[in-house]
Each structure stands twice: as C-alpha cells, then as structure tokens.
Amino acid sequence: MKKTLLTLLILCFGYIVQAQISSTSPAFITEAYTGDVEIIFDATQGNAGLKDFTGDVYAHIGVITDKSTSGSDWKYETPWPSSTNLAQANTTKNKLTALGNNKHKLIITGGVRAFFGVPTGEKVQKIALVFRNTDGSKEGKTASGGDIFVDVFEAGLNIGFQRPDGNITLTAGEAYNISVTTSIAVTTLNLYVNGTIVKTLNGYSTLTHTYTFATADDYTLIAEGILGGQTVRDTAYVCVPQSVTTQARPAGTQPGINYIDANTVTLILHAPGKQNVFVLGEFNEWMQLNAYQMKKDGEYFWTTLSNLTPGHIYGFQYLVDGTIRVSDPYAEMVLDPWNDKWINEKHNIYPNLKAYPEGKTEGLVATLQTNKPAYNWEVPNFQMHNRDNMVIYELLLRDFTVEKSLEATIEKLDYLKHLGITAIELMPVQEFDGNNSWGYNPNHFFAPDKAYGTEQAYKRFIDECHKRGIAVILDVVFNHATGQFPYAKMWWNATSNQTDANNPYFNVTAPHPYSVFHDFNHEYQPTRDYFKRVLQYWINEYKIDGYRLDLTKGFTQKSSTEATASNYDESRINILTDYYNAAKAAKSDVMFILEHFCSASEETELANRGMYLWRNVNNAYSQAAMGYQSDSDFGGMNSLPRRWVGFAESHDEERNFFKAKAYGFGTVKTDSVYRISRVPLNIAFTTLVPGPKMVWQFGEMGYDYSIGYYIEDGVAKQDLVKGRTSEKPSAWSYLNLAHRKAAYDMSSKIITLRKLYPTAFTQGNFSLNIGSGDWANGRRIALAHNDLNMVVLGNFQADASITANPNFSKTGTWYNALTGAELNVTTTSMTINMQPGQLLIYTDRKIDFPNNVENPEYKSDVLVYPAITNAKVFIGSQNDVREINVYNLQGSHVKTVRNIAEVDLSGFANGLYILKVQTTERNTTHKVIKE
C-alpha cells in the first residue's frame, strides 16, 4: 500500500508482492497511532519456512526510519537468538500467539513509536520482520528469502490495495477478487483496470470487485479515492503471461550474459522443467511484462535486450515460474541487499559501488554492462617459475592487512617479493555470503567478491604480482554452494531448507561424508560445463596462473563413509581430469592443486596426469617447533613425483608457533625471543625439501595467534570451533620487534636461495635425514648439483646442544649462506657443534642475495625529510605527488593528504609512523618519527 496525492502521482512500479504473508489491524498504521497494532502472520505464504510448525514462534522485529542508511538498515531491532542470549531474544514482547490453521498473531502494544522506543524527531517508515522459531533455525520470510516489511503511513487520507498487494501473476480467464481500503470513508472510490473505471462507490472506505482477466496481457490497476478536493491513488499490476514462444537460441551464444554489441545483450538461462521465465530489471522498472518473457529452446530460456546504454551497469533478475527470483549464475558482479552497505563502512574498499535497488526487488541481483572499461595489462604474458620449484604463500585478504583490501595488499607485495615466494594462493574470492568470511561459502563463481575491492582492483593486484615475478593461484570451491546460488534457488525445498530432489545440479544429501552447504552433482553434464567455463574465465579475464580446488574428495556420486571415502574412485579421477584439461586448454602450464587426501594410488594417478596435491605435515612441524621428538617426522614433505604441495601450516591448522608458545618444551615456551629464533628452522625444513611448498601468511615471522582466536564483547577469547574462521589480527607490527624482523630476514634468505638456483632444486640429487630418528644429531638436507651443493643442518631440540654430522660432499671452502662466513672443510667427516634451535646452511659458493632482501621497503628516488620531526614532513620527488597516507604502528590509517608534497604531523602523538607516498610514477613506503 502506498499513499499518493493526485498532485504527486507515484506509481509503485517495483513494489514487491508478499502474497499476504502478513496483514495488519488497523490496515493503515501511522506513527501517531497509540493503540495496539495486530500483525497476523500466515505461515503458509512466502517461503513457508514455518508452515505446520507447532512450536513457539517469535518475531525478529525492528523498524526502517529516516535515519536508516538503506531500505534494509533495521533500527531498534530485537536481538537475533544465539546460544548465549536466548532469554533476551525470546520475550513475551516479540512472541506470537498461535491462532490455528498456520496463522499467528503479534501485538505491538501502544503503537509503533512506543513499542520500539523511537526518539523524537526520527520518522518511522516501515516495520521490518522475520518470523522464526526459538533458536532461529527456522524462518518465515518472503518467497525468495527476504525480510518482510509493513508500511507506516502519514496521518490523514490513505488508500491501498489489500488484494493484490503489488505485482502478481494470474492465468488467462482467471477471476480475481480485488480489494481496496481507505483510511477514511471517501466521497468517491474508483477502481481502474488499464485506464477504464470498472467500479465506483460513493461514501465508502472499502471496495471489492471480482474481475476476470480474460486474455494474456499486462494490466495496470489503480485505486482512486476522492475526498474534499484531495485525491489519493495506489497502483498494482497483474501480468497474465502469454504462451511461451519456442524458438532456437541465436547461433554462437551460450548460457549466461552474451554481449552482442554496445547496445545489445542476449540472456540465456538453463532451467529444465520450468514453465516460464521473465527478465526483471532497470530496463523495465522491475515489472513482470510480457515483452520481457523469455523464449524457450529445449531446457533453455533466452531473450535479447536492445537499446541499452553503453557502459551503464544494469541490475536484473530472472523471475522463474512467477515466484522464484534469481540472479544470473554467470554474472560478473552481483548486488547484495544485506551486505553491500557495509563494504565501505571503515575504508573506501569499493568506490562508487552501484546501489542496490531497494524496494524494487529482493535477493541477489545480477548486473550486466556493455562496453565495460578494459583493464590495461602491464604484464600481458606472464611466465611462471617452474611449478615443481614453487614456494607458495597462502593469503587471506581479510586478515592480511588492517584495511582488508586488495589495494592495501598491493602495498605489501614488495614485502612478499623480498621474502622470495614465487606464488600467492588467495583464499576464495569468488562472491560469497556476507563480507567477513574465509570464502568457502560461495554463491556466484564468475563474480569477484566486492568486500575486497573492484574488478579493476583484482586485475591490478594480479598485474602487480606478475610485475614482481609472483604467480597468482585461486582457491576455488566447486564442491558446494550456498542457497543463494541461482541453480540452488531455482529448485528449492523451503520446508527442509535444502535443494529439492528435482534439482539436477545438486544432491539433496551429499554421497560423501564431508559436505557443507549444498553438494554439487559433478556427473551432471551442465554442472561440469559450468565449472569448466569458470576455470577458463578466470584465466582469460583475470590472467590467474592456477587453482587450488577445495575438497576434491567430494567430486563424486559414489556413496561413501568416513572409512571408504578415500578409496580409489575412477569416476572422481575422470571428473577432475576433465576440469584440469579445461583449464589447460586456456593455459597450458596451469598450476592445478587438489585438496584431496585420498588413497596413494588415486593421488599418484592424478599426479601422473599433471595435477598437484596438498600434503599436510602440520603436526610434525608443530611438534618440532615445540621441541618434541615424538611424531615429528618430516618425511611427508618429500615425495616422487614432485607433485605434492607440502606445508607445515595452512589456513586449516593450528599455527606452529602458537603451539610452541602454549605448549613448548622448557625455554621454547618461556622465552619468546628464543622461541621466535626457531622460526627459520621450520621455514628451512619446509621450503628446502624438493617439490613445491607452501607457507601460511606471517608464518615467516612466527605468527602465534591461535586459529581459535576471536573477539567477543571486546574481550579476546579462544575456541577452536567458534573462533576458527573469525578475524585475526594482522602481523605488521611484528616488523618493529627485532626478533620478529630477524626471523623474517632469515626466512627471506632461505626462500630466496631456492629461487636463485631453480635448476639445482628441481634436477639435483637430494639426501634427506628428516625423520623422528634424526633428532639427537640434528636433521639434515643435502643437495648435490653442478649449480649448487648445499647442506642444511637443524637442531630442533629445545635445550640441548648437539654434535651434527654434515657429511660434506667435498673438502675446501664452504660458506654459511645466512651470514656469508667461510668454513674450511678439511675432511668430509668433520662434525659441527650446534646450539639448541640453531640452523646452519652451508653452500659451496657464496650466495649473492639481492641487496634489498634485508629490507622489505621499496627503494626509490622519493625523498622524505626530515626523518625525525615535530611538525611537517616534506616529500622530494621528480614526479608529482598524488597522495600521502599515514599509518600508526598498529597499522591503522590516520591521515590522507592529496596533491601536495607535505604532511603535517603536529597534532599526532609521539612515535613512529609509516608514510605511503603515491606519485605519478610509483608507490613508496617510508618511516618517520614524530617527537
């Protein structure tokens, strides 16, 4: 319902029908009304999530006011239930009374303002509702899972349709009971259908009329009330769909968004078993109109949109069978009504983000854009380092920088370059539910998640990595998707809150025991075709270099248990090979890593076909870091063929040096400086073993926040389940601590050593003494090759010195690779005494490390002076200064100046600050002291 004066006729083109999920008494709720308001909830309507539910029903309830930042920004809401607040979330105030027949009643006592405690001067516009059970596991929402809204009106004359309430679909020849209500009896009450008055009443406040919508057409209904010179109107829309036209899709098109020219797009949706599909969007005011009904071609629906404005971003959805609103599964950007509004809350992550079409639709909205601006690649043809010699850095954008953004991470790439890594593996960045996530809850696979930045920012990040010789690998989640994924929503069982049994893309119940969310059927050819396009798209469009595929053990339709899921499965091998071949067709040397953990025979078969596999050796390295011999065998790091990506840490495991801090033996636990001095031991015996290896972010500095760390009510807590995926502090302040910086510097040399001699590490002969038995006399890695002979010795004992046997391959001068000191080897059987936690790396030639490996800061011709100041700092550069950003030691951004070559720090507290200077030529980082 919407009040409209004749002098300002507002047609409610996009008002979302809620199929009478809720009705109110009085019909027109106003701010001034101080009596009780009854809201009747019909659990059979909307998503029917509480249909036939017999337990207690509560309302999660709030209001939208003129202070709300968007149409979904609730104010003064009741708390959502959790394990710790059930008493606060479930009160008599928000409990509904069961009326029988799936009806429930909520009473808002004393009027809206009093009930919610809305301050004077703040205007209430809508009541916002979600009906739920006690713990929130069952919800009553709109048909597409949106919030329910009830209008709050101005006092005075109002009019509104009770039936239909918005935009509905009927069948040709259907007789429909139309109902109109006014807040005050009016002199004249008219009902128009397509401009013709079909009923008039005088002196009434209600009008009912049965109208037969005889033919397939689009109908506009207008209710008009006239009283004392004032006219109010409300508008509703009825679409009687025409018969679906059967016609072949245009040649050369494929499912998704096909850009024909600057003004034309052909949309194709795979929707087997569906009867009709309409396109809703900005181009038709989100109206269901017959002109936008899609044609049918077998299992596909399609239409061509013309007269589009080049470069404009259009929001659109598909309306399937009159009730299901979904975005396009191939959309490259989606608009999110729940989460987009928070993206730029703390930092300008996504400038000029397109606004969600509030009040016009609900759920995720796809976008299309003809003549999209092209990114100008500086490195169009990047060549990776040898895949068998990769040192990969696994990185979660959310926790890597304080800003949690791509732009901030770009500023740290020189740090990673100087660390010596050759690839970054980004944890999932394809559009996921929410903004704060590890990313393993995807809802769109062609769209980069906006929480980290724009499409251009993703491309610039990859370009900047390539400029530094760093490959980019994407962690992708093809095992499952959330219920927001279009192919999940199109065949959905609202009662069980699962994909429906007739959903061809998904299994209702996963055949394997490891699934989360909704499990894909990879034997279904359209599923396979979809993901092969995903793999090729990110290579072609974003120039990524490889993939890490999550939970590939689940890519099967064979039923299994925990005991049998790892057994050899030829069908799973064939599915993964199909995906690998699709990726190779786009990039012949693609890095294709599987999180598989299956039988040795299956993993070996996959490796022999060219794929790589994760190898988890976390427990052994944690034991060694703590100073314990038991279960500390590093043998899992070594394998032939060299296609196992071994790691001491990944996102999934407890951090090695948290365990050392919490449970270490003797001095390892009690002495933090000594403990962190052991970090290079783990780094060396992780990365100097043959085959590709991986390091988890900040492992090079001994990151020691637990994987279970989280903040609740301002208090740091630890719970391995509750805190597992929670935000963790960035570690950049570690660089101001001498022992952490020393760990980084030594880790840089260790990893860089491998990068300097790739042929030796991929073709040389290794001798490894890295088992649990290699404890009393130390662990040893020996490499023999014409390019480099190397001996690595490590004493992992916590408090005991040892006598190590390096077994040098020849006599003569060897060099300590980490210090440059010479060692005269007079006999190959010589021994070396080693202190607890000591690492020694000897090479038969002096290693010339890059000069800046000790210092991660970028060197340039930009001069910042004075380095110590009590007021201004000046920037000297032959290029124009565009922007200066100032950060404190905690990594928080504290000031920005633009287009001037100075910054005033006079109002700042004394201490060390980081200046990031952007000129027309480059970005540089500098330290200054404010005193």
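Everything below is about the structure printed above this text.
Treat the numbers as computed from the prediction; the structure is a model and nothing was measured. (Residues numbered from 1 in each chain as written. Predicted model: local features only at pLDDT ≥ 70, side-chain atom pairs only at ≥ 80, totals over all residues. Heavy atoms only, no water.)

Undergrad: How should I be thinking about the packing of helix α9 (residues 570-586) against helix α10 (residues 600-608) in this particular structure?
TA: Any two packed helices are characterised by how steeply their axes cross, that is the angle between the axes, and by the distance between the axes. Interhelical geometry of α9 versus α10 gives an angle of 25° and a closest axis separation of 11 Å. One finds that α9 runs roughly parallel with respect to α10. Here α9 and α10 pass one another in a crossing that is right-handed. When α9 is examined against α10, the residues Arg572, Ile573 and Leu576 are found in contact with a partner set consisting of Glu602, Glu605 and Leu606. (Axes fitted to C-alpha atoms, helices over the stretch in contact; angles between N-to-C directions. Helix = DSSP H or I, 4+ residues; strand = E, 2+ residues; numbered from the N terminus. Parallel < 35°, antiparallel > 145°, perpendicular 65-115°, else oblique. Left-handed = near helix turned anticlockwise from the far one by under 90°. Contact = heavy atoms within 4.5 Å.)

Undergrad: Could you clarify how one ought to interpret the environment of Tyr514 in this entry?
TA: Tracing the sequence through the fold places Tyr514 in the loop between β30 (506-507) and β31 (518-520). Taking the C-alpha atoms as reference, Tyr514 lies 8.3 Å from Glu562; in sequence the two are 48 residues apart. Residues in contact with Tyr514, not counting those within four places in the same chain, are Leu551, Lys553, Glu562 and Ala565. Within the structure, Tyr514 has its side chain in polar contact with the side chain of Glu562 (distance 3.2 Å). (Polar contact = N/O pair within 3.5 Å; in protein donor to acceptor, adjacent residues only side chain to side chain.)

Undergrad: Got a minute to help me understand the packing of helix α15 (residues 679-687) against helix α16 (residues 738-756) in this structure?
TA: Packing of α15 against α16 brings their axes to within 9 Å, and their N-to-C directions diverge by 15°. Looking at the two axes, α15 sits roughly parallel to α16. Crossing of α15 against α16: the hand is right-handed. Of α16, the residues touching α15 (which contributes Val679, Pro680, Ile683, Ala684 and Thr687) are Ala743, Met746, Ser747, Ile750, Ile751 and Arg754. The class makeup of the residues in the contact of α15 with α16 is 8 nonpolar, 2 polar and 1 charged. (Nonpolar A, V, L, I, M, F, W, Y, C, P; charged D, E, K, R; others polar.)

Undergrad: Quick question: what am I supposed to make of the packing of aromatic side chains here?
TA: Both the distance between ring centres and the angle between the ring planes are used here to describe each pair of aromatic rings. All chains considered together, the criterion is met by 61 aromatic pairs. Seen from the ring of Tyr300, Arg249 lies directly overhead, with NZ or CZ sitting 4.0 Å from the centre. Just above the ring of Tyr542 sits the side chain of Lys459; from NZ or CZ to the centre is 5.2 Å. (Phe/Tyr/Trp six-rings, centres within 6.5 Å; stacked < 30°, edge-to-face > 60°. Lys NZ or Arg CZ within 6 Å of the ring centre and 35° of its normal.)

Undergrad: When you look at the sheet that holds strand β46 (residues 839-843) in this model, what are you seeing that I'm missing?
TA: Pairing between the strands of a sheet comes from backbone hydrogen bonds, and it takes one of two forms, parallel or antiparallel. Taken together, the 6 strands give an open sheet; going across it, the order is β39-β40-β41-β46-β43-β44, and neighbouring strands pair in antiparallel fashion. Each end of this open sheet is capped by a strand with a single partner; those strands are β39 (765-769) and β44 (822-825). Direction aside, neighbouring strands of the sheet carry axes that sit 20° apart on average. Inspection of the sheet shows strand β41 (residues 790-794) paired to β46 by 5 bridges, in the antiparallel sense. The residue bridging Leu793 from the neighbouring strand is Leu840, located in β46. Those strands touched by α15 are β40 (779-784), β41 and β46, and its axis lies near 140° from that of β41. (Pairing = 2+ DSSP bridges.)

Undergrad: Looking at this structure, how should I read helix α11 (residues 618-626)?
TA: Owing to its 3.6 residues per turn, the α-helix aligns residues three or four sequence positions apart on the same side. Burial analysis of α11 places 8 of its 9 residues in the buried class, which makes it a mostly covered element. Buried residues of α11: Asn618, Ala620, Tyr621, Ser622, Gln623, Ala624, Ala625 and Met626, and no others. Looking at the packing, one finds that the buried side of α11 touches β34 (612-616), β35 (644-647), α12 (656-663), α13 (667-670) and α15. A positive backbone phi angle near 95° is found at Gly627, which sits one or two residues after α11. (Buried < 20%, exposed > 50% of the residue type's maximum accessible area, 1.4 Å probe, protein only.)

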